[in-house]
Amino acid sequence: MAYLSINPHTCEQVFSADDLTQSEIAEKLKLSKESFSAWKGSSFEQRRELISNVATLLEENVETYAGIITKEMGKLKSEAVAEVLKSASGCRYYADNAESFLSDQLIESDGDKVLITCQPLGSVLAVMPWNFPFWQVLRCASAAIMAGNCVLLKHASNVGMCAEALEQLFLDAGAKSGIFINLLIPSSQVAAVISDSTVCAVALTGSEAAGRSVASAAGQAIKRSVLELGGSDPFIVLADADLELAVNNAVVSRFMNAGQSCIAAKRFLIDDSVADRFIQLFKEKVEELVVGDPLDGETTLAPMARKDLCMELHEQVSQALENGAELVTGCDYSAENGCLYPASILDRVTPEMRVYNEEVFGPVASIIRVKSAEEAVAVANSSRFGLGGSVWTKDVSKGENIARALECGSAFVNSMVKSDPKTPFGGVKESGYGRELSSYGIKEFVNIKTLSIKGGASTSASSEKSGELYRAIRQR
Ligand code: NAP
């Protein structure tokens, strides 16, 4: 059974499906290719209508979609509602702005007509994770489709129900079958799909291991790839920080989505002079979190998505404790707890510990004490990851200088790292490459083409005629 979803709270099986057979995969790839031949000639008006309809359906059916997410991967219902609404706003952003991002740009030149034009590429394979099963897919798909591409989704094998709901969402929004296709395939089939001539580019959001394998398959086939991988974001608290503000944000940033967010604060780099006070306030707030049923409005810390993920997290925590980390709160887990991992804090984390070097993908905060802002930046940048980072200080210009010095894709001063459709999102180092969101994100999925036209002055009648010809050629 390739796709299998177990409700993390009730432990009931909620979805299962067999992998597609080779001939089913071939048929879907053929359909995607045929759909692209038609969709690449669509007008922005047609694309806008489709993606706006997707947004409207998300808003109108938010409870249904949020219910599917919670049932399948366990996040709090309130967090699932927020995810669906954010997905809708991401779709609206591209529906409203794609045309201006991609419209022809006339370049000043001596006499010739020189243009930069953005053309669709083909079918984009989106290999996606389970932690934000709607948002991750839709932030990529809305951009790719607004650019005139088709999308093939390979979703994580524990969120097959979300994958099916997303395919149906596009059909309900008026997409011809083939514009957005759900491919229920195992990760072992991804390289073969990338190598198929239908696929022109691949966008992966996932772990480093998946990144290496997808990037090498894309490299082998000489196809474009965008990699949004893991992170170990620093949360730097300087001596002059507003500690209450920092702690309130630390709790949300680390424990939202049960700590399973790529841009969660993961390493808390606290100036020694305020570390004891920070930890005391942090511990108080963290101990107020209530772990339990994600459908219950009283629950404030969701279960993790799978039991194996809790076990893996607990191995990292145990190794840190064996190597001298101080247990501030939580950290007591055994297999009988299923997917419920307690909200935990470790103090005096050092480089010998796995939690210092690896991504900690669950509700565990690692505190690293530092003696100065310079040391904080050095520790922050010593990581092989470079996704996001935040700095907390009342000296805003110092904060800005530190934010500029962080080796990452998004740095925030006095607010937690978050994504926004209007700003580019992505990482450096082993957090990946390429960008999603904003005008930068949509340009990952187009052929940015130079057109240089020499010769006779074109009248408006002849340029209208040639426009018709061009549209006819694009429709073919
Ligand atoms: P994952 O295990 O890497 O899976 C992500 C996707 O890749 C799934 O569809 C998975 O399919 C597929 N996959 C796994 N191994 C593969 C391989 N060798 N070749 C091709 N495809 C492969 O990651 P996850 O556990 O779902 O997600 C958590 C990770 O994603 C964390 O590291 C997190 O930081 C990262 N993430 C990054 C961002 C970002 O924007 N930078 C956002 C969210 C999450 P199967 O499920 O079938 O294995």
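Check the entry above for the structure.
Not measured: the values here are computed from a predicted model.

Draft legend 1. Main features of the environment of E444. As for its position among the elements, E444 is in the loop between helix 15 (438-442) and strand 20 (446-453). Its relative accessible area of 17% is what places E444 among the buried residues. Considering only alpha carbons, one finds E444 and A147, 297 residues apart in sequence, at a separation of 9.8 Å. Setting aside residues up to four positions removed in sequence, E444 forms contacts with L121, R224, V226, G434 and R435. Within the local environment of E444, its side chain forms a polar contact with the backbone nitrogen of R435, the two atoms lying 2.8 Å apart.

Draft legend 2. How the structure looks around the side chain of E72. Secondary-structure assignment places E72 in helix 3 (residues 62-73). Here the side chain of E72 touches G160 through a polar contact of 3.2 Å, landing on its backbone nitrogen. Apart from residues no more than four positions distant in its own chain, E72 is found in contact with S5, I6, P8, V14, F15, N158, V159, G160, M161 and C162.

Draft legend 3. Examining the state of the cysteines more closely. Summed over all chains, the structure comprises zero disulfides. No disulfide involves C162; its sulfur sits 15 Å from that of C91, the nearest cysteine. Judged by relative accessible area, which is 0%, C162 ranks as buried. The structure places no disulfide on C310, whose sulfur is separated from the nearest cysteine sulfur, that of C339, by 5.2 Å. Judged by relative accessible area, which is 0%, C310 ranks as buried.

Draft legend 4. Looking closely at the packing of helix 3 against helix 6 (residues 160-172). Helix 6 packs onto helix 3 with a crossing angle of 160° between their chain directions and a minimal axis gap of 9 Å. Comparing their axes, helix 6 and helix 3 come out roughly antiparallel. The way helix 3 lies across helix 6 gives a crossing that is left-handed. Where helix 3 approaches helix 6, its residues Y65, I68, I69, K71 and E72 are matched on the opposing element by G160, M161, C162, A165 and L169. Within the contact of helix 3 with helix 6, the residues separate by chemical class into seven nonpolar, one polar and two charged.

Draft legend 5. Structural detail: the site of the ligand. Lining the immediate environment of the ligand, one finds 29 residues, of which M128, R139, S207, L229 and E359 sit closest. The contact in question runs from an oxygen atom of the ligand to an N or O atom on the side chain of E359, over 2.6 Å. Going through the elements one at a time, helix 5 (135-146), strand 8 (199-205) and helix 8 (208-220) are the ones with two or more residues in the shell around the ligand. Take the shell around the ligand: its biggest share by element is three residues, from helix 8.

Draft legend 6. Local environment of the side chain of S123. Here S123 lies in strand 5 (residues 123-127). By relative accessible area, S123 is classed as buried at 1%. Not counting residues within four places of it along the chain, the set of residues in contact with S123 comprises S32, K33, F36, C150, L152, T198, V199, C200 and A201.

Draft legend 7. Quick look at the packing of helix 2 (residues 44-60) against helix 6. With their axes 9 Å apart at the nearest point, helix 2 and helix 6 run at an angle of 120° to one another. One finds that helix 2 runs oblique with respect to helix 6. Once helix 2 is placed against helix 6, the crossing between them reads as right-handed. Only L169, F170 and D172 of helix 6 make contact with helix 2, whose side of the interface consists of L50, I51, V54, L57 and L58. Residue composition of the contact of helix 2 with helix 6, by class: seven nonpolar, no polar and one charged.

Criteria and cut-off values
- For every chain, the first residue of the written sequence is number 1, and numbering continues from 1 onward in sequence order.
- Since the coordinates come from a predicted model, pLDDT governs what is reported: local features require at least 70, and pairs of side-chain atoms require 80 or more to be given and counted, while whole-chain, interface and lining totals use all residues.
- The basis for every side-chain value is the complete set of non-hydrogen atoms in the structure, without hydrogens or water.
- Here a strand is any run of E in DSSP of at least two residues, a helix any run of H or I of at least four, and the numbering for each starts at the N terminus.
- Each residue is assigned to one of three classes by its accessible area relative to the maximum for its type, calculated with a 1.4 Å probe on protein chains only: buried under 20%, partly exposed between the two thresholds, exposed over 50%.
- We call two residues in contact whenever any of their non-hydrogen atoms come within 4.5 Å of each other.
- Think of a polar contact as two N or O atoms within 3.5 Å of one another; within protein, one of them needs to be a possible hydrogen donor and the other a possible acceptor, and neighboring residues in sequence only count if both atoms come from side chains.
- Any two cysteine sulfur atoms within 2.5 Å of one another count as a disulfide.
- Only the contacting stretch of a helix is used when fitting its axis, a line to C-alpha atoms as for every element, and angles between N-to-C directions run 0 to 180 degrees.
- When describing relative orientation, an angle under 35 degrees is termed roughly parallel and one over 145 degrees roughly antiparallel, while 65 to 115 degrees is termed roughly perpendicular and anything else oblique.
- Crossing handedness is defined as follows: a turn of the near helix away from the far one that is anticlockwise and smaller than a right angle gives a left-handed crossing, while the clockwise case is right-handed.
- Charged means Asp, Glu, Lys or Arg here, nonpolar means Ala, Val, Leu, Ile, Met, Phe, Trp, Tyr, Cys or Pro, and polar covers whatever is left, Gly included.
- Near, as used in this document, describes a residue that has one of its heavy atoms within 4 Å of the molecule or strand being considered.

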